[in-house]
Amino acid sequence: METCFHCGDDCTTTIIEHQDKHFCCHGCKTVFDILNDNDLSYYYKLENAPGTRMSRFEGKFDFLENESIVNKLIDFDEQGTQVVTFLIPSIHCSSCIWVLENLNKLNPAVKTAQVNFPKKTVRITYASEILKLHYLVLLLCKIGYEPYISLDDATKKSSNIDRSLIYKLGVAGFAFGNIMFLSFPEYFEVSEFWLDKFKYVFRGLMFAFAMPVVFYSGRDYLISAYKSLRSKMLNIDVPIAIGILVLFIRSTVEVAMDWGTGFFDSLAGLVFFLLLGKFFQQKTYSFLSFERDYKSYFPIAVTRVLNYNGKSSHGSNISEEQAQIYDLIKGDRIIIRNGELIPVDGILIKGNALIDYSFVTGEAVPVTKESGDILFAGGRQRAGVIELEVVKQVEQSYLTQLWSNEIFNKNGASVFQSITDQISKRFTVAILSIAIIATVFWTFYQPSLALNVFTAVLIVACPCAIALAAPFTLGNLLRIFGRRNFYIKNSSVIEQLATIDTVVFDKTGTLTTNAKNVIMYEGILLTSEEKSLLTSTLRASNHPLSRSLYTMLADQDICVLDDFKEDVGSGITGISKGNSIKVGSFKFVVNNKITVNASANETTVHVSANDVYKGCYIFYNEYRDGMEAIFEKLSVDFSVAVLSGDNDGEKENLTALLPENTALVFNQKPVDKLHYIKALQEKGHRVLMIGDGLNDAGAIAQSDVGIVISENINVFSPACDGILDATRFKDITTFITLAQKGKKVIAYAFVFSLLYNLIGLTFAVTGNLAPVVAAILMPLSSISIVVFTTLYTYRLGKQLQIK
């Protein structure tokens, strides 16, 4: 009987021939044509018969024409861009992931699609002015991926847990135990009347127990192998399925012919241990999944408005506190400053909102919002301070998905992943060849061992341990880093960190600390109105110097700004009731090119009111603890540089503090810092840029690895690869060393895995390994790699004294 090229089902009633292929229905043929016409035929090369039979959906989703229903389903809706997350139960293989993440080839209005395979969800960003949600759903249905949409779940998405593997494992374990029990008399060759009388009953029971083991617990291996062979491809399940069938058929024949008890115990043990290994691997990949619980991921803080008794306040007497976003509840008031990320959906209460949604949409054109408008999480405020009322508690997984957006991804393929892929492609062919050659040899030399050798070879060798080496090692390092307040975007960043040869630091806010600044004012005394306007202007800025100065002046009255502007790298301007104030560099404040030299170890912030120069605040720089030691260690193995937007008044002091081979570059605007990084890369250097994510955001985005040092975790730069808490600044060299040693751990694990397979195959082909022992060793190889990488990385963390 012919099978459908698209979905793999038998063509029982209708056979449709098209382009030398057979299809079970016109729906499967249509999907094939859609994929083929849009250059997506690679879908069928990733997995054999990966599709699902297309169901009838005419009129089924007409309710999506209702705007109120659409608004409940979508996650984001701004600037002609909508984001929606669908549960798609039919996602089942790599082909599904590939075609869904290439939806833009079927319809250009789809901007991006990200699949979460463990949860069977896809998050789609699309141009809503061109493609409506209704037609997006129909597009998914046409290619066989009908989303599950329930109006009851519009506000609470369901999460279906697949327990089938646990049930199969339970059946196999139960059968394995009982078959072993029934086999005891023949194991020990006990000669006893009643045992001899009922041995046929025992054998029949063993056969009965073996049936559900093969056709229920082991069916996934059989189906996978069948589809693989039918599509003329070989996957890792082929040798396993052959081993299962050979054991079952031989054992059945032995029992039927009264030759013996067969190998039902080995068969049940084989399937049980294979499923146990599969269960363990499933848990492992679930642990490594990017969609981690938000409390274990990077912390994002927000400024919550309080009154003096600590309750949410809507009155004039206010105070502020830093709160973690997962502590926010509906109704809380929060403050978002210029340049800060909006971490929750909220209603605009006060302030001029100019929101940049490029973090979500990739479009850099900001949108103006008025009081009462809804602001979606993921936007960045670009026009001073605003106050929001929280309307929905945050799911940080939404923000982590934004962080992993392709817009912010940097090129750099994983070397270890490439090696793993190459090994996996050739593994099955090599194992089948070895099994056949060994079986032919033993058939002539000692026929009684031929079947055992054939089965053992097929089972003992497995590339799973090799595949686990890199993700689990890097995943463990990711967890170790996170516990030490170093929050990495994904595990591949660690691999990139291990390859850097140049480290570039920003100065202000990175090498200097805001917590210990001593601030003095020199100049004309400011009036109370000017101090109030100055304080309100500083309140809207997220620059570390602005925050330090605002903290000092926080007891001044706050006024509402009519206008706010920040010139990156120069200063800020605030206007209220016709009065203006400028804060920043001397050139910015007085609008000329005269420079003022600062003394060593100090930074100046100048102030003018209504274009009249008033004076300056002098910040006596306090460098972070351990800075000199860090530069001494880095200078041994890396090229090191410091970039600063300040003048060179600090050069003499830094020259005395840092190693003489440190490059010191001053008067650098944000674009200059970016060009400096780019120039290093063009010379072949791999650059780590460490800054505060404000004036150096472009340089961080350009670098091979960009890390933001943060005393103020309200600041979050989507272009960065990691966020390092300022208290861990002294551990920078330690983290780099740990990343480098992590690469060695992966190399050791690769060697360990290859040695395991070589030793296992040696015992198997020489007839010294029973199939059931091979089945035990197969998952143990994966377990051993996980234990090895975990203990080794834990030991490295201890050795390197990251406390």
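Caption draft 1: How the structure looks around the sheet that holds strand 11 (residues 353-356). Ordered by their spatial adjacency, three strands build an open sheet running 12-11-14, and the pairing between neighbours is antiparallel. Only two strands of the sheet have a single neighbouring strand rather than two, namely strand 12 (367-369) and strand 14 (380-381). Pairing geometry for strand 11 and strand 12, over three bridges, is antiparallel. Bridged to Ile-355 within strand 12 is Val-367.

Caption draft 2: Structural view of the pairing of strand 15 (residues 386-390). Buried residues dominate strand 15, accounting for four of its five residues. Bridge analysis of strand 9 (residues 333-336) against strand 15 gives four bridges, and the strand direction is antiparallel. Bridging across to strand 15, Arg-333 finds its partner in Glu-389. As paired strands, strand 10 (residues 346-350) and strand 15 are joined by four bridges and run antiparallel to one another. Bridge assignment links Lys-350 to a residue of strand 15, and that residue is Glu-387.

Caption draft 3: Representation of the packing of helix 18 (residues 528-539) against helix 19 (residues 544-553) in the model. Interhelical geometry of helix 18 versus helix 19 gives an angle of 135° and a closest axis separation of 9 Å. By the angle class used here, helix 18 and helix 19 are oblique. In the packing of helix 18 onto helix 19, the handedness of the crossing is left-handed. Residue-level contacts link Leu-534, Thr-535, Leu-538 and Arg-539 of helix 18 to Ser-546, Leu-549, Tyr-550 and Leu-553 of helix 19.

Caption draft 4: Summary view of the packing of aromatic side chains. All told, the structure shown has 20 aromatic pairs when counted by the stated rule. On the basis of an interplanar angle of 15° and a centroid distance of 5.4 Å, the ring pair of Phe-441 and Tyr-445 is categorised as stacked. Here Phe-441 pairs with Tyr-445, and both are found in helix 14 (residues 415-445), just four residues apart, close to one helical turn. What makes Phe-441 partly exposed here is its relative accessible area of 49%. Here Phe-788 and Tyr-792 contribute two aromatic rings whose centre-to-centre distance is 5.6 Å and whose plane-to-plane angle is 75°, an arrangement assigned as edge-to-face. Taken together, the residues Phe-788 and Tyr-792, both in helix 26 (residues 771-799) and four residues apart, mark about one turn of the helix. Looking at Phe-788, the relative accessible area reads 23%, which means it is partly exposed. Cluster of aromatic residues (ring-pair linked, three or more members): Phe-207, Phe-215, Phe-248 and Phe-264. Seen from the ring of Phe-729, Arg-624 lies directly overhead, with NZ or CZ sitting 6.0 Å from the centre.

Caption draft 5: Summary view of the nonpolar core. Among the nonpolar cores identified, the biggest contains 51 residues, and Ile-244, Phe-264, Leu-267 and Val-460 are the most heavily contacted of them. Of all the elements in the fold, those that place two or more residues in this core are helix 6 (164-187), helix 8 (199-217), helix 9 (219-230), helix 10 (237-256), helix 11 (264-288), helix 14, helix 15 (447-460) and helix 25 (732-765). Among the elements that make up this core, the one with the highest residue count is helix 11 (nine residues). Val-460 has contacts with Tyr-756, Asn-757, Gly-760, Leu-761, Ala-764, Leu-769, Ala-774 and Leu-777, leaving out every residue within four places of it along the chain. Core analysis: the second largest hydrophobic core is formed by 48 residues, Ala-470, Ile-500, Val-503 and Phe-750 among them.

Caption draft 6: Up close: the sheet that holds strand 5 (residues 110-116). Strands sit in the order 3-4-6-5 across an open sheet of four strands; the sheet is antiparallel. Either end of the sheet is taken by a strand with one partner, and the two such strands are strand 3 (74-78) and strand 5. The average angle at which neighbouring strand axes cross in this sheet is 10°, direction not considered. In the sheet, strand 3 pairs with strand 4 (residues 81-87) via four bridges, with the strands oriented antiparallel. Residue Glu-78 lies in a different strand from strand 4, and its bridge partner there is Thr-81. Helix 5 (residues 133-142) rests against strand 3, strand 4, strand 5 and strand 6 (121-127) of the sheet, and its axis sits at about 40° to strand 4.

Caption draft 7: Empty space enclosed by the protein, seen in detail. Taken as a whole and judged by the stated rule, the model has four cavities of 30 Å³ or more. Empty space within the largest cavity amounts to approximately 60 Å³. If you go around the largest cavity, the residues you meet are Phe-486, Leu-497, Ile-690, Ile-707, Leu-724, Ile-732, Phe-735 and Ile-736. No other element matches helix 25, which puts three residues into the lining of the largest cavity. Split by residue class, the lining of the largest cavity holds eight nonpolar, no polar and no charged.

What counts, and where the lines are drawn
- Residues numbered from 1 in each chain as written.
- Predicted model: local features only at pLDDT ≥ 70, side-chain atom pairs only at ≥ 80, totals over all residues.
- Heavy atoms only, no water.
- Pairing = 2+ DSSP bridges.
- Helix = DSSP H or I, 4+ residues; strand = E, 2+ residues; numbered from the N terminus.
- Buried < 20%, exposed > 50% of the residue type's maximum accessible area, 1.4 Å probe, protein only.
- Axes fitted to C-alpha atoms, helices over the stretch in contact; angles between N-to-C directions.
- Parallel < 35°, antiparallel > 145°, perpendicular 65-115°, else oblique.
- Left-handed = near helix turned anticlockwise from the far one by under 90°.
- Contact = heavy atoms within 4.5 Å.
- Phe/Tyr/Trp six-rings, centres within 6.5 Å; stacked < 30°, edge-to-face > 60°.
- Lys NZ or Arg CZ within 6 Å of the ring centre and 35° of its normal.
- Core = buried A, V, L, I, M, F, W, Y, C linked by side-chain atoms within 4.5 Å.
- 1 Å grid on protein atoms, 1.4 Å probe; cavity = no way out; pocket = protein on both sides within 12 Å on 5 of 7 lines; lining within 4 Å.
- Points joined across faces, edges and corners; volume = space filled by probe spheres on them.
- Nonpolar A, V, L, I, M, F, W, Y, C, P; charged D, E, K, R; others polar.

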